[in-house]
Amino acid sequence: MCGIMGFAGGGEAAPVILDGLKRLEYRGYDSAGIAVYDGGRFCVVKRKGRLSVLEGELQKAPVPGSIGIGHTRWATHGEPSDANSHPHLGSMSRIAIAHNGIVENYKALREYLAGKGVAFSSDTDSEVVAQLAEHYYSGNLLETVAKVINAIEGSFALEFMCLDEPDKIIAVKKYNPLIVGIASGATYVASDVPAILRHTRQVVYLADREIAVLTRDGAAFYNMDLEPIQKRPETISWSMDSAEKGGYEHFMYKEIMEQPRVIEDTLKSAMPGGSNEPVLDALDALRFDRIKIVACGSAYNAGSVGRYAFESLCRIPTEADLASEFRYRDALIDENTLVILVSQSGETADTIAATLEAKAKGAKTLAIVNVVGSTIAKEADYTIYTMAGPEIAVATTKAFSAQLILLYMLAIRLAHRLGRIGREEAGAMVAEIGTLPGHVRGIFGEVEKIQHYAATCFNSKSIFFIGRNIDYAIAMEGSLKLKEISYIHSEAYAGGELKHGTISLIEDNTLVVAISCCDRLAPKTESNVEQVISRGAKVLYITSGGIAFGSDKVFTLREPRVGELFAPSLSVVLLQLFSYYVAANKGCDIDKPRNLAKSVTVE
Ligand code: AGP
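Here's a quick rundown of the structure. This structure is a prediction, so every number in the text was calculated from the model and none was measured.

## Quick notes on the overall build of the chain
- Regarding its fold elements, the chain presents 18 helices and 25 strands.
- Based on the C-alpha atoms only, the size of the chain along its principal axes is roughly 75 × 55 × 45 Å.
- Residues counted as buried form 61% of the 603 residues belonging to the chain.
- Considering only intrachain contacts with a sequence separation of at least 6, the fraction spanning at least 24 residues in the chain is 72%.
- Accessible surface, the chain: about 22,100 Å² in total, of which carbon and sulfur atoms supply 49%.
- The average position of the 62 basic charges and that of the 73 acidic charges among the side chains of the chain differ by 2 Å.

## So, the site of the ligand
- Close to the ligand lie 15 residues, the nearest being Ser343, Gln344, Ser345, Thr348 and Glu484.
- Val394 places a polar main-chain atom, nitrogen or oxygen, 3.0 Å from a nitrogen atom of the ligand.
- Lys481 places a side-chain nitrogen or oxygen 2.8 Å from an oxygen atom of the ligand.
- Within the complex, 91% of the 410 Å² of free accessible area of the ligand lies under protein.
- For the shell around the ligand, the elements supplying multiple residues, two or more each, are α9 (297–314) and α16 (470–486).
- Among the residues forming the shell around the ligand, the class breakdown is six nonpolar, seven polar and two charged.

## Concerning the pairing of strand β12 (residues 211–215)
- Counted residue by residue, β12 has five buried out of five residues, so it is predominantly covered.
- Neither face of β12 is open: one carries Ile211, Val213 and Thr215, the other Ala212 and Leu214, and all of them are buried.
- Examined bridge by bridge, strand β8 (residues 169–174) and β12 share four bridges and lie antiparallel to one another. In the strand pairing of β12, Ile170 is matched with Val213.

## Side note on the packing of helix α3 (residues 106–115) against helix α4 (residues 127–136)
- Following both chains from N to C, one finds α3 and α4 inclined at 45°, their axes separated by 10 Å at the closest point. With respect to their mutual orientation, α3 and α4 come out oblique. Helix-helix and strand crossings are classified by hand; for α3 and α4 the assignment is left-handed. Here Tyr106, Leu109, Arg110, Tyr112 and Leu113 of α3 come into contact with α4, specifically with Val128, Gln131, Leu132 and His135.
- Partitioned by chemical class, the residues of the contact of α3 with α4 number six nonpolar, two polar and one charged.

## With respect to the side chain of Glu484
- Residue placement: Glu484 occurs in helix α16.
- Polar contacts involving the side chain of Glu484 include one to the side chain of Lys481, which spans 3.1 Å.
- Residues within four places of Glu484 in sequence aside, it is in contact with Ala395, Thr396, Pro593 and Leu596.

Calculation rules
Residues numbered from 1 in each chain as written. Predicted model: local features only at pLDDT ≥ 70, side-chain atom pairs only at ≥ 80, totals over all residues. Heavy atoms only, no water. Helix = DSSP H or I, 4+ residues; strand = E, 2+ residues; numbered from the N terminus. Buried < 20%, exposed > 50% of the residue type's maximum accessible area, 1.4 Å probe, protein only. Contact = heavy atoms within 4.5 Å. Areas by Shrake-Rupley, 256 points an atom, 1.4 Å probe, with all protein chains shown as cover. Lys, Arg positive; Asp, Glu negative; His and termini not counted. Charge placed at Lys NZ, Arg CZ, Asp CG, Glu CD. Near = heavy atom within 4 Å. Polar contact = N/O pair within 3.5 Å; in protein donor to acceptor, adjacent residues only side chain to side chain. Nonpolar A, V, L, I, M, F, W, Y, C, P; charged D, E, K, R; others polar. Pairing = 2+ DSSP bridges. Axes fitted to C-alpha atoms, helices over the stretch in contact; angles between N-to-C directions. Parallel < 35°, antiparallel > 145°, perpendicular 65-115°, else oblique. Left-handed = near helix turned anticlockwise from the far one by under 90°.

Set out below in structure tokens:
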């Protein structure tokens, strides 16, 4: 992961690059740097730590110049340090580069260059790109870039500058995202749209192995044979506000609060006349007898909820699979399998690999993605989009909710097509999904109650989440959310599994979060709650039912009653708020938890 940003324009480059990097910090934040061309040399400033450290340096000693590149890092090769931060220069300081991705053959290239007398100054894989470019350079940066790209293996979004051609930035990508922004008198290159949104809405999405040459007068595009290609800018409709905090303390909180709107928009997109409808119509023609939902992290948890919807409504064997496992398992799939890839970013390396693996095996692939133009969106046979807008907090909330809605809608459509449910029943289910935004707004009325309870839990060492069937699927998401932002150890268990070992971990005041929104399984989950209370646990009980435990060890949060398939859309909001307030009470860095990055573009 990492974010890259570049600017070629009339004004000062450093503030524009720094501002762009701030909006890309979710991609990595262990170090950052910029390189600006200033009359015959590169001014490079790089610092370990958050972007604010670099910002402080640049305030003390501003770097002048109107063209430059920048980088915010999530370390893969080489610890976070000033030296390992990007941009990297070649040893003659003629070429500067910033890189997002992994150069897989960097060791061989490093040995080759070292053999030629090149001295390296970092432990990174990326530095070989700068050194190789200098080694190859003979007066034409574009040709040099093509040569470098042919020599390196792995994934990359790269920007290059050269002292001998100081008016241009050259950018190229493979497997990692890169966009070019075009404005009057300036061009921009960045890993993601929010970085440039305040400057332009005209954006070109680079495809793999396409090269962009940026100057202040515009951008030109080339293929790997260096033939010019035409790329048409797309107009971005996101509001600036949707990429900003909008007055909230954290992006995560703002994004939780946006969920009613996101659910409405995503539902509309899948209805007649909606933006996803043409693809959904096309899917109706597909024939398959098995479904695999493949994803990572929260997207996998959404897939686990979706699995219940497909199996229960369509009666089609459905499995949720982790992309990192699926890609290496020689999975039993063929042309009769529909593989659904779920991803907020559309750039998760394992999910990209899973998409390619599924296609190679002849399966039909359908992507559910949030970021338009992302790699998974382009690679899959069919793509439908969640309408979450830009999600900035590392912990996903609104994109997860949107994924659930599209999975529900797919399951309902398919069940209707297969004759498992009639038109009226399908209509009633869609109408029930339409009630979810109102119910989520109702849950927001409970915020204070959740906040107070969370304030009693933030010292927990370990928190267990239990549920059964679809409640278990959403318990997994509750547990992931809590651990990623609060750093409290947490596990989710199927309620019936507790007695097979885990119950031995229950001690006095261990917190167990129990989710019970399936009426048919409520008595079973209630028994689990009794079992853990009798061993000293305290319980946060999330239920849409009527039970009241006669124990002061149980704190109950009631959620509105909806059909069991759709209850996860409400449970998850309670779980998100609980995690948020636990983390807030601990003083954690909620939007940028340690060791994580928003978009996991490496294995
Ligand atoms: C969610 O809160 C996590 N940050 C993480 O598990 C995430 O869901 C996972 O990395 C998958 O990302 P994607 O949806 O962009 O593919």
